[in-house]
Amino acid sequence: MKFFAVNGSPRPKCNTAQLLDKALEGVKSVFPDAEVERVNLYDFPFHGCKSCFACKVVNGKHYGKCVQKDDLKPILEEIVESDGIILGSPIYLSDVTGNMRCFLERFSFPFVAYSKTEVVEHKRMPLAYIYTMNASEEISHQIGYHDLHDHFERGLAMTFSEVDHLYVYETYQFKDYSRYVSDAFDESERREIRKNRFPKDLESAFELGKKIAIRAKQLD
Ligand SMILES: Cc1cc2nc3c(=O)[nH]c(=O)nc-3n(C[C@H](O)[C@H](O)[C@H](O)COP(=O)(O)O)c2cc1C
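In this report, the structure presented in the accompanying data block is examined.

Considering the environment of V36
Next up, step 1: Examined against the element boundaries, V36 turns out to sit in strand β2 (residues 35–40).
Next up, step 2: Judged by relative accessible area, which is 31%, V36 ranks as partly exposed.
Next up, step 3: Between the alpha carbons of V36 and F4 there is a distance of 5.8 Å; along the sequence they are 32 residues apart.
Next up, step 4: Not counting chain neighbours up to four residues away, the residues in contact with V36 comprise F3, L24, V27 and K28.

Take a look at the structure:
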């Protein structure tokens, strides 16, 4: 079995990456022999959908597949055949990051049938999403991040399967807050959250990974 974590943060060692690694540990706790891999979407150049519609040509040999040739292509080919995927992204300007959106266009659009009757045959696998952000839980609800992502996940759920998610609030953004203009944040409070709450967030990520593995077993 193979499971992927897809990191939509440009920082390969920070909050999102650490949570994704924990989720993969959760997967391994259920399937010790499973292969797991974290893909960092900012490690290589790629674009979103170029609207070529090769994936929708009538009787086309690439029907249901993305034909764009770039560094994402071979990874995408493996991901669409995987047994479970955990996506993770920081919130940037109230949405997932640009590279994550580009990835999602390439990952899911080929499977969207422009048909009232036909579906595109493909593997269905469990998905989870980890969102990390500066905002507190309260502000996140006020701003509507949850509405946005409920909406965003609905499309993925229709194409793949129900999406589990984890929201991680008030992340520790800088190693040294004093280097940056950042008085909108209380650094000592953030440090406290990092010390006391983030370990619980990591545990939740581990549980999320376990859940994805168990769902993969059920879908098998
Ligand atoms: C360009 C940019 C835009 C951001 N926009 C938001 C935002 O709209 N809301 C928010 O709560 N946090 C925002 N953040 C903060 C990040 O979401 C947060 O620090 C995240 O946990 C970083 O993840 P990472 O440590 O994995 O890179 C933004 C950060 C950057 C760099």
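Some details on the pairing of strand β5 (residues 127–132)
Next up, step 1: Here β5 lies mainly inside the structure; 6 of its 6 residues are buried.
Next up, step 2: What you see with β5 is no split at all: L127, Y129 and Y131 on one side and A128, I130 and T132 on the other are buried throughout.
Next up, step 3: Pairing of β5 with strand β6 (residues 163–168) involves 6 bridges; the strand directions are parallel. Residue L127 lies in a different strand from β6, and its bridge partner there is V163.

Things to note about the environment of R179
Next up, step 1: Locating R179 in the fold gives a position in the loop between β6 and α6 (187–196).
Next up, step 2: Along the backbone, R179 and K22 are 157 residues apart, and their C-alpha atoms lie at a distance of 29 Å.
Next up, step 3: In terms of polar contacts, R179 uses its side chain to reach the side chain of Y180, at 3.5 Å.

Focus on helix α3 (residues 98–108)
Next up, step 1: All buried positions along α3 are accounted for by N99, M100, F103, L104, R106, F107 and S108.
Next up, step 2: Buried positions along α3 lie against β1 (2–7), α2 (72–79), β3 (84–92), β4 (95–96), β5 and α5 (145–159).

What about unusual backbone geometry?
Next up, step 1: Positive phi is not limited to glycine here, since F53 has a value of about 65°.
Next up, step 2: If you trace the backbone, F53 turns up in the loop between β2 and α2.
Next up, step 3: Under the relative-accessibility criterion, F53 is labelled partly exposed at 35%.
Next up, step 4: Not every positive phi belongs to a glycine, and S94 is a case in point at roughly 65°.
Next up, step 5: Position of S94 among the secondary structure elements: in the loop between β3 and β4.

Here we look at the packing of aromatic side chains
Next up, step 1: Scanning the entire structure with this criterion turns up 14 aromatic pairs.
Next up, step 2: With a centroid separation of 5.0 Å and an interplanar angle of 50°, the aromatic rings of Y172 and Y177 are classed as tilted.
Next up, step 3: A relative accessible area of 17% means that Y172 is categorised as buried.
Next up, step 4: By relative accessible area, Y177 is classed as buried at 4%.
Next up, step 5: Ring geometry for F174 versus Y180: centroids 4.3 Å apart, planes at 25°, classification stacked.
Next up, step 6: Judged by its relative accessible area of 38%, Y180 is partly exposed.

Calculation rules
- Residues numbered from 1 in each chain as written.
- Predicted model: local features only at pLDDT ≥ 70, side-chain atom pairs only at ≥ 80, totals over all residues.
- Heavy atoms only, no water.
- Helix = DSSP H or I, 4+ residues; strand = E, 2+ residues; numbered from the N terminus.
- Buried < 20%, exposed > 50% of the residue type's maximum accessible area, 1.4 Å probe, protein only.
- Contact = heavy atoms within 4.5 Å.
- Pairing = 2+ DSSP bridges.
- Polar contact = N/O pair within 3.5 Å; in protein donor to acceptor, adjacent residues only side chain to side chain.
- Phe/Tyr/Trp six-rings, centres within 6.5 Å; stacked < 30°, edge-to-face > 60°.

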